[in-house]
Amino acid sequence: MDLRIALLGLALLLVPAVSAPSLAAAPAVPMTAENKHGLWLADIIDRRDGAAFAARIDIDALAARTATGLDLDNTTRRGFIKGMTGAKQRMAETMLARVELNHGKARLVRSTATAGGSVQIVRIDMSDAEGDPAGMEYLAFELDAKGRIVGWTAHSQGARTSDVMRRLSLAMIQDRGAIARAFGITRVDEATLATTQALAKQMAAMDFDGAYTTLARMPEAYKATKDWAALRVNLASQLDDARYRASLQHIAAHHADAPGLQFMLIDHYFFEDRHAQVIRTVEAFERGVVEDGATNLLKCISANTLKAYDDAGRFCSRSIEIEPDVENAWWMLVTVGHGARDAGLVLRTLEGYERQFGTRFEPAKLIALDEYRWLADEPAFKAWAKARR
């Protein structure tokens, strides 16, 4: 049975760019046995090398994960794996096309050894056509001992790729029991079967507007799950701001503490100016996924907005400690110093920036700028300027 798994690129097509600030990518991390595969992944993403990416996907392992719980007969299972194998190159190219569309730059931020291999977390820093920050994504790749990709999670989706593909592939199958189990519903009648099949066809055709409408017709039991809520956010992210915000609001209201959905909610709380909640949500993401320069910068921005300058300084300093090559965190720390009217913090940060990036600030030119004018009467600045004459 050829299931025509045209849906396999979906999990990679539906990657909204979180609107919180992103960071520029860093120089290569030193090569070690633990992170070599993660560095390789980041490199091929930056080179947009679809063939190399596809070659590393263990399609049999990924197909086995996707087929979990489907109870397929041997003929159907063979067709299922055949369909996935044929779509492997498309999966790779689709993912890299999304990265290219968002001018993405990859950075390895964590390598963790597991019993069967490793998990490599790669951050994609996105920018707009003018080069300004336009969001970020975290991809957690699960690798076997040989470095082959057996699965991955896009944290803007809140689900493993294999889980997303399983539910969508089921819509191509006439096994109502399998569909019921996958969507957490009691029974699948004719209307539900028609709805799931329509949803799959619309998503395969990238008819996100139609899929968003069809998703609302799914059974109430499925609509109560975090999986439905996450899929709704991903569809809405391809449509308009009103539906995207409404979908995020639904997650915040019904699934705010659900593991795996924290990254989605950061954007929501930023938009609502709920900066204390931004910090709590970022910290939950750090505990469950990764702490890096970007997460600390997000916390710094929110703490600064709250005028919690001590916390903001601590978060920005931590961001610089982890990723000293990223200029945004240095300038944000200077901004914190301005807000706190802490001349010492401003000047120490500027000196650190000089050492890191090989530049030099002239005192007279500095205080000629409106933002820095207040420094002129500060004893710390006078001493700093005198030392530079």
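Treat the numbers as computed from the prediction; the structure is a model and nothing was measured.

Q: Is there a simple way to think about the packing of helix α8 (residues 190-204) against helix α9 (residues 208-215) in this case?
A: It is the contact of α8 with α9, at a shortest axis distance of 8 Å, that shows an interaxial angle of 160°. When the interaxial angle is binned, α8 and α9 end up roughly antiparallel. As α8 packs across α9, the resulting crossing turns out to be left-handed. Contacts from T195, A198, L199, Q202 and M203 in α8 reach G210, A211, T214 and L215 in α9. For the contact of α8 with α9, the residue count by class is five nonpolar, four polar and no charged.

Q: Can you help me understand the confidence of the model for the chain in this one?
A: Atomic detail in the predicted coordinates should be set aside for any region of low pLDDT. Summary statistics for the chain give a mean pLDDT of 85 and a share of 89% for residues scoring 70 or more. Confidence drops under a pLDDT of 50 for residues 1-28, and excluding neighbours within four residues, the segment shows 109 contacts in the predicted structure.

Q: Explain the pairing of strand β3 (residues 133-144) here, please?
A: Within β3, 10 of the 12 residues are buried, leaving the element largely enclosed by the surrounding structure. In terms of strand pairing, strand β2 (residues 117-127) meets β3 through 10 bridges, oriented antiparallel. Across the sheet, the residue bridging to Q120 is F141, located in β3. Two successive antiparallel strands, β2 and β3, enclose a turn made up of five residues, where G131 displays a positive phi of approximately 90°. Looking at chain direction, β3 and strand β4 (residues 149-154) are connected through five bridges and run antiparallel. Counterpart to L143 in the pairing with β4 is I149. What sits between β3 and β4 in their antiparallel hairpin is a turn of four residues, with G147 showing a positive phi close to 85°.

Q: Honestly, the nonpolar core in this entry has me stumped. Any pointers?
A: The tendency in soluble globular proteins is for nonpolar side chains to be buried as a group. By size, the foremost hydrophobic cluster in this structure holds 77 residues, and its most contacted members are Y138, L215, Y222 and L235. It is helix α11 (residues 226-236) that contributes the most residues to this core, seven residues altogether. Formed by 32 residues, the second largest nonpolar core is a distinct cluster that contains L39, I57, L62 and F141.

What counts and how
Residues numbered from 1 in each chain as written. Predicted model: local features only at pLDDT ≥ 70, side-chain atom pairs only at ≥ 80, totals over all residues. Heavy atoms only, no water. Axes fitted to C-alpha atoms, helices over the stretch in contact; angles between N-to-C directions. Helix = DSSP H or I, 4+ residues; strand = E, 2+ residues; numbered from the N terminus. Parallel < 35°, antiparallel > 145°, perpendicular 65-115°, else oblique. Left-handed = near helix turned anticlockwise from the far one by under 90°. Contact = heavy atoms within 4.5 Å. Nonpolar A, V, L, I, M, F, W, Y, C, P; charged D, E, K, R; others polar. pLDDT = per-residue confidence, 0-100. Buried < 20%, exposed > 50% of the residue type's maximum accessible area, 1.4 Å probe, protein only. Pairing = 2+ DSSP bridges. Core = buried A, V, L, I, M, F, W, Y, C linked by side-chain atoms within 4.5 Å.

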